[in-house]
Amino acid sequence: MYTINTATINDVETIRQLAEATWWPTYSPILEKEQIRYMLDLLYSAEEIEKQITTNEQTFLLLKEGDSAVAFAAYSAYKGEPAAYKLHKLYCLPQTQGKGYGRILIDNVSNIAANAGATKLLLNVNRHNNALAFYQKMGFGIAREEDIAIGPYWMNDYILQKPLPLS
Ligand SMILES: CC(C)(COP(=O)(O)OP(=O)(O)OC[C@H]1O[C@@H](n2cnc3c(N)ncnc32)[C@H](O)[C@@H]1OP(=O)(O)O)[C@@H](O)C(=O)NCCC(=O)NCCS
C-alpha cells in the first residue's frame, strides 16, 4: 500500500537520502564518480532542496510504502513555454524499481499539469540512461538533444515531451 504527498521542508533530509541511494546505481555506469558527487552536492544539498520547496521553484511529491519513503518526483510549470509543465526529477529506490511507482508518479504529475491547463509535459534525461526506454513506454517522445554545462562537466541529455489530454 502506498501514499503520495506533497513534500514539505520536513522532508528535505528524506529526499536527500533517496537521491543519494538512487543516483549512484543509476549514474555510475554512465558518468564519472566525480561528476555524480558534484551534481548531488549542487542539486541535492539540504539548502537547495529547502529553497526549491519554500519558493515553490519545484514541487516535490513523496511516495511512501507504509512509513518508508521510497520514491519522489519534482515538477513545476515550465518557464520556457506557455502551457507546458516540466518533470525535473523522478527517482525510485533501486529495491522498489519495477513496482509501478514511476508510472504512478508520472500519472500524478500529468494530472496536476493537465488540471492547471498544461498541454505538454517535458523532461530531461541523460542520453545513456536506460530510463529513456521507460519514458518512451510512458508516452514521451524525443523533442531534441541538449548538452548542458554543469561546472566543469557536461549533461548530455534528450529533452522528451508528452502531450497531455485536455482536462
Ligand atoms: C526509471 C524509473 C523512474 C521507472 O520507475 P519504475 O517504478 O521502476 O517503473 P514502473 O514499474 O512504473 O514501470 C512501468 C513500465 O515501464 C517498464 N520499464 C520500467 N523501467 C524500464 C526501463 N528502464 N526500460 C524499459 N522499460 C522499463 C516496466 O517494465 C513497466 O512496463 P509494463 O507496464 O509493461 O509492466 C525508475 O526505475 C528509477 O527510479 N530509475 C532510476 C532513476 C532514474 O533513472 N530516473 C530517471 C531520471 S531522468
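As annotated in an unreviewed UniProt entry, the chain carries the name N-acetyltransferase domain-containing protein and comes from Mucilaginibacter polytrichastri.

### Things to note about the site of the ligand
Of all residues adjacent to the ligand, which total 23 residues, the nearest are C92, G98, G100, G102 and R103. The contact in question runs from an oxygen atom of the ligand to an N or O atom on the backbone of C92, over 2.8 Å. Take R103: an N or O atom from its side chain is 2.3 Å from an oxygen atom of the ligand. The protein chains hide 74% of the 920 Å² of surface that the ligand would expose on its own. Secondary-structure elements contributing two or more residues to the shell around the ligand are α1 (12-27), β4 (84-92), α4 (101-115), β5 (120-126) and α5 (131-137). The element that contributes the greatest number of residues to the shell around the ligand is α5, accounting for five residues. Tallied by class, residues from the shell around the ligand come to eleven nonpolar, nine polar and three charged.

### A closer look at the packing of α1 against helix α2 (residues 33-43)
Put simply, α1 and α2 touch, their axes get as near as 11 Å, and they point 150° apart. As summarised for this structure, α1 and α2 are arranged roughly antiparallel, according to the angle between their axes. Regarding α1 and α2, the two cross each other, and that crossing is right-handed. Contacts between α1 and α2 involve A19, E20, W23, W24 and Y27 from the former and K33, I36, R37, M39, L40 and L43 from the latter. Grouping the amino acids of the contact of α1 with α2 by side-chain chemistry returns eight nonpolar, no polar and three charged.

Conventions we followed
- Residues numbered from 1 in each chain as written.
- Predicted model: local features only at pLDDT ≥ 70, side-chain atom pairs only at ≥ 80, totals over all residues.
- Heavy atoms only, no water.
- Near = heavy atom within 4 Å.
- Polar contact = N/O pair within 3.5 Å; in protein donor to acceptor, adjacent residues only side chain to side chain.
- Areas by Shrake-Rupley, 256 points an atom, 1.4 Å probe, with all protein chains shown as cover.
- Helix = DSSP H or I, 4+ residues; strand = E, 2+ residues; numbered from the N terminus.
- Nonpolar A, V, L, I, M, F, W, Y, C, P; charged D, E, K, R; others polar.
- Axes fitted to C-alpha atoms, helices over the stretch in contact; angles between N-to-C directions.
- Parallel < 35°, antiparallel > 145°, perpendicular 65-115°, else oblique.
- Left-handed = near helix turned anticlockwise from the far one by under 90°.
- Contact = heavy atoms within 4.5 Å.

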